[in-house]
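Inside the fold
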Amino acid sequence: MKPINFFMVLFFMLGYAGEILAGGAVAATKQKQAVAGQQQKLLQQQMQQRQWQQAPPQAAPRVDESEIEDVVDINELWKQFETTSEAWMLIADPEAKVMTVAHYVDFFARQGTKIRKPPTFYVGMIDAMAAESPPLLSNPFDKIMTLVAILEYDFDNGENPDQLAHRFLGQEQYRQNRQRLGLP
């Protein structure tokens, strides 16, 4: 598996995550379309300049427990993740990250969307993406999970995963994502 190198396209794609969750794309305004078109061109250039490398996602380094200042209840953390995921990299306990991803997998399951890959897989992927592009974590965690699951063809909301990825990523990123996954 190759790590995702979509970090510059991330904010473009995350803007559409709510539409994906609703089961389809919603018509965008002309201004939104113009911005999306400009972002798409920029992202295509950036992705062409940088080749994806073959390696599994890396987990973030363990935090020195002497550096821990606050202990937060997991439910409080999940409440924060409804608006921002900035605390993700501050989670010192790897099991808390696994529990968080599992919580969101359950959240999607209650909405009728299946995510089949194990939470540990997504912890490593999110850690790697956030380490390379910290602004990713300014998004709600459900949007981050939507992104990574769609990239992995693991966001089963009843829609064809290939069509979902194509609509979410746009033509060039879709093609590059298929290559990253080893798909024809």
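This write-up is about the structure you can find in this document. (Residues numbered from 1 in each chain as written. Predicted model: local features only at pLDDT ≥ 70, side-chain atom pairs only at ≥ 80, totals over all residues. Heavy atoms only, no water.)

Structural notes on the side chain of Thr113
Position of Thr113 among the secondary structure elements: in the loop between helix H5 (94–110) and helix H6 (119–132). Residue Thr113 is classed as buried on the basis of its relative accessible area of 6%. Among all residues touching Thr113, those that are not within four sequence positions of it are Phe108, Phe155, Asp156 and Asn157. (Helix = DSSP H or I, 4+ residues; strand = E, 2+ residues; numbered from the N terminus. Buried < 20%, exposed > 50% of the residue type's maximum accessible area, 1.4 Å probe, protein only. Contact = heavy atoms within 4.5 Å.)

With respect to the packing of helix H7 (residues 141–151) against helix H8 (residues 161–169)
Direction vectors running N to C along H7 and H8 enclose 125°, while the axes themselves pass 9 Å from each other. The angle between the axes of H7 and H8 places the two elements in the oblique class. In this structure, the crossing between H7 and H8 has a hand that is left-handed. Residues Leu147, Ile150 and Leu151 of H7 lie in contact with H8, whose contacting residues are Leu164, Ala165, Phe168 and Leu169. Counted by class, the contact of H7 with H8 contains seven nonpolar, no polar and no charged residues. (Axes fitted to C-alpha atoms, helices over the stretch in contact; angles between N-to-C directions. Parallel < 35°, antiparallel > 145°, perpendicular 65-115°, else oblique. Left-handed = near helix turned anticlockwise from the far one by under 90°. Nonpolar A, V, L, I, M, F, W, Y, C, P; charged D, E, K, R; others polar.)

Some remarks on the nonpolar core
Within the largest apolar cluster, 37 residues are counted, with the highest numbers of intra-cluster contacts made by Phe81, Trp88, Val101, Tyr122 and Met145. Listed by contribution, the elements that provide at least two residues to this core are helix H4 (74–80), H5, H6, H7 and H8. It is H7 that contributes the most residues to this core, eight residues altogether. Ignoring sequence-local partners within four residues, the contact set of Trp88 consists of Phe81, Lys97, Thr100, Val101, Val123, Ile126, Asp127, Leu137 and Phe141. (Core = buried A, V, L, I, M, F, W, Y, C linked by side-chain atoms within 4.5 Å.)

On their own, these measurements won't tell you what the molecule is for.
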